Amino acid sequence: MASAAASNAAHSVKAAVVGFIGLGNMGACMAANVLRHNYPLAVFDRNEAAMDSLVQQGAQPADSPADLATKADVIITMLPTPAIVLDVYTGPSGVLTAATTTRSPPSSSATPTPQSPPSAAPPLPSSSSIRPHLLIDASTVDPATCHAIAAAAQACAVAPSALHSLHGPPLVVDAPVSGGVGGAKAGTLTFMVGGTSEAFSQAAPLLAAMGSRSMHCGPTGSGAAAKLCNNLALAIQMASVSEALALGQRLGLSPALLSAIFNSSSAKCWSSEVYNPAPGVMAGVPSARHYQGGFSNALMVRGDATLWVDLVKVLSTGVLRILYRPTLSKDLGLAVAAARAAGAPVPLGENVMGMYSDMVSKGAAGDDFSSIYKHSYGGEPVEV
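Residues numbered from 1 in each chain as written. Predicted model: local features only at pLDDT ≥ 70, side-chain atom pairs only at ≥ 80, totals over all residues. Heavy atoms only, no water.

### Describing the packing of helix α10 (residues 222-250) against helix α14 (residues 331-342)
Think of two packed helices as two axes; the pair is described by the angle between the axes and how far apart they sit.
(1) Moving on: Put simply, α10 and α14 touch, their axes get as near as 8 Å, and they point 115° apart. Viewed along their axes, α10 and α14 adopt a mutual orientation that is roughly perpendicular. The handedness of the crossing between α10 and α14 is left-handed. Residues Lys227, Leu228, Asn231, Leu232 and Ala235 of α10 touch α14, and the partners they reach there are Asp331, Leu332, Leu334, Ala335 and Ala338.
(2) Moving on: Residue composition of the contact of α10 with α14, grouped by class: seven nonpolar, one polar and two charged. (Axes fitted to C-alpha atoms, helices over the stretch in contact; angles between N-to-C directions. Helix = DSSP H or I, 4+ residues; strand = E, 2+ residues; numbered from the N terminus. Parallel < 35°, antiparallel > 145°, perpendicular 65-115°, else oblique. Left-handed = near helix turned anticlockwise from the far one by under 90°. Contact = heavy atoms within 4.5 Å. Nonpolar A, V, L, I, M, F, W, Y, C, P; charged D, E, K, R; others polar.)

### Concerning the pattern of salt bridges
(1) Moving on: Applying the stated criterion across every chain, the model contains six salt bridges.
(2) Moving on: Of the charged contacts in the structure, one is a salt bridge between Glu273 and Lys268, with a shortest N-O distance of 3.5 Å.
(3) Moving on: In this structure Glu273 comes out as partly exposed when scored by relative accessible area, which is 38%.
(4) Moving on: On the accessibility criterion, Lys268 (45% relative accessible area) is partly exposed.
(5) Moving on: Residues Glu350 and Arg340 are paired through a salt bridge, measuring 3.2 Å at the closest nitrogen-oxygen approach. Of this pair, Glu350 sits in helix α15 (residues 347-364) while Arg340 is found in helix α14, placing the two residues 10 residues apart along the sequence.
(6) Moving on: Judged by its relative accessible area of 34%, Glu350 is partly exposed.
(7) Moving on: On the accessibility criterion, Arg340 (53% relative accessible area) is exposed. (Salt bridge = Lys/Arg side-chain N within 4 Å of Asp/Glu carboxyl O. Buried < 20%, exposed > 50% of the residue type's maximum accessible area, 1.4 Å probe, protein only.)

### Looking at unusual backbone geometry
(1) Moving on: Look at Asn38: it is not a glycine, yet its phi comes out positive at around 70°.
(2) Moving on: Mapped onto the elements of the fold, Asn38 is located in the loop between α2 (25-36) and β2 (41-44).
(3) Moving on: Of note, the phi angle at Tyr291 is positive, near 65°, even though the residue is not glycine.
(4) Moving on: Summarising the element assignment, Tyr291 is placed in the loop between α12 (270-273) and α13 (297-300).

### Considerations on the side chain of Asp137
(1) Moving on: Note that Asp137 resides in strand β5 (residues 134-137).
(2) Moving on: The buried category is assigned to Asp137, whose relative accessible area is 7%.
(3) Moving on: A distance of 2.7 Å separates a polar atom in the side chain of Asp137 from a polar atom in the side chain of Thr77.
(4) Moving on: For Asp137, the contacting residues outside a window of four places in its chain are Thr77, Val85, Tyr89, Val173, Asp174, Ala175 and Pro176. (Polar contact = N/O pair within 3.5 Å; in protein donor to acceptor, adjacent residues only side chain to side chain.)

### Examining the packing of aromatic side chains
(1) Moving on: With the rule as written, the count across this model stands at three aromatic pairs.
(2) Moving on: Ring centres of Phe295 and Phe369 lie 6.2 Å apart, and the angle between their planes is 85°; on these two criteria the pair is classed as edge-to-face. Residue Phe295 is found in the loop between α12 and α13, and its partner Phe369 is found in the loop between α15 and α16 (372-375); the two are separated by 74 residues along the sequence.
(3) Moving on: Ring-pair connections join several aromatic residues into one group, and the members of that group are Trp270, Tyr275, Phe295 and Phe369. (Phe/Tyr/Trp six-rings, centres within 6.5 Å; stacked < 30°, edge-to-face > 60°.)

### Quick look at the pairing of β2
(1) Moving on: Alternating residues of β2 divide into Leu41 and Val43 and Ala42 and Phe44, and every residue in both groups is buried.
(2) Moving on: Here strand β1 (residues 18-21) runs beside β2; their pairing, made up of four bridges, is parallel. Following the sheet pairing, Gly19 is matched in β2 by Ala42.
(3) Moving on: One crossover worth recording links β1 to the parallel β2 by way of α2, and it is right-handed.
(4) Moving on: Here β2 pairs with strand β3 (residues 60-61) via two bridges, running parallel. Note on β3: the bridge partner recorded for Ala42 is Gln60.
(5) Moving on: In this fold, the crossover linking β2 to β3 by way of helix α3 (residues 48-56) has right-handed handedness. (Pairing = 2+ DSSP bridges. Right-handed = clockwise from strand over helix to strand, strands pointing away.)

Following this line, the structure appears as C-alpha cells:
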C-alpha cells in the first residue's frame, strides 16, 4: 500500500506544472534539475537575467509570485531571508494573495502565537481558491517563519483539480537543503523536511529531482530547526579547523600536511576534507579563489532579533498579514536566536557568531565563510 501511495504521488506531481521562485546560485541549479527531469516549469525572480537563462532552457516566465501561482500546481521557493520568504507568500503580490485578499472575515479575532500555532481558518469560497496544492520552501529560515507560512496557507482553499483530491488548504513543507552549490548542480542535495506525512509524500518525487536524500524531520518547522542545528555545527567546525590549521602553521607545519593528517585521523570533517579554508590546499573551493563565490559571511550572521513573538493576525477584513519579520538574516544568527528563545545554551555558537559579526563589520561581508581562517586567525596561503 505504501509503495502504491508513493507511486500515485509521483505520478500526480510529475504531471503538475512546477513554479520556482528564487533563481540565485542555488535556486537556478535546482530549477534546472527540475527541467532536466521533464517537469513543466514556470519561474520568477527579480533578476530578469536569471529568469532568461531558465526560459532559454524551456521554462515559462512569470511577472510576480502571484502571477506564478496562476500558472503552477506546485510552488518551490529558494530565497535568501525570512522577510523575503514571507513577502513572496503573503505580500501584496504574493503566492497566496488571490485567496487571502477576498476571504470572508473569520468568526474569531484571537491572535495565535508561535508556541501555539494558529488553528485552521474557515475554508475560502471557491471563487477565491488558488491553483497550487503544494508549497515547498527550501530556504533557510527560522521555525517561526515556517509556522507563519503554514498559518497563511490555512486561510486558503485549493481549486479542484485532477492532480489531487484536496478539499481544503494547500499542503506546505519546509525543506531546507544541505550540499551547497555543488550539490545543487549535481542534484545531490539533502533535504530536511518539516510538515505532515501527506505533504512529505507529495513533495518527495520533486525533491528527488533536485537531491539524493530527503529526511522527514517532523511537523511544520522541524526541517528548518534541523537545518539551523546543522549549520550551527558547521560554523563551529569551520572555526575549529581554521584555528588548528593557523596554529599549526605558526608552529612550522604546512596546512596541506596538517589537513592530510586531519583527514586520516579523528579530526576528519567536511571543513577539512571537502571545503578546506587554507588557500592552496584544495582546488575548486572558495579559499582557492580569494574566498569568492561561496557562502558569504554576511549570510552567516546579520542583525538581531527576538523570534518568538506573535507572528500572524487575522484582521477584521479577513486579510492574513504578517506583523513581524525577523531581521536576523541567516543560518548561524538564526540558530543562536532560536537557541536563546528556547533557553538552550550555545556558548560556542555565540562566540563564533561574534567572530563572523566582527569580520562583517571590518569589510569582509562578501567573502566566503571559510575566510575566518584568514580574517580571524591570520592564516596564510600554502607556499607552493
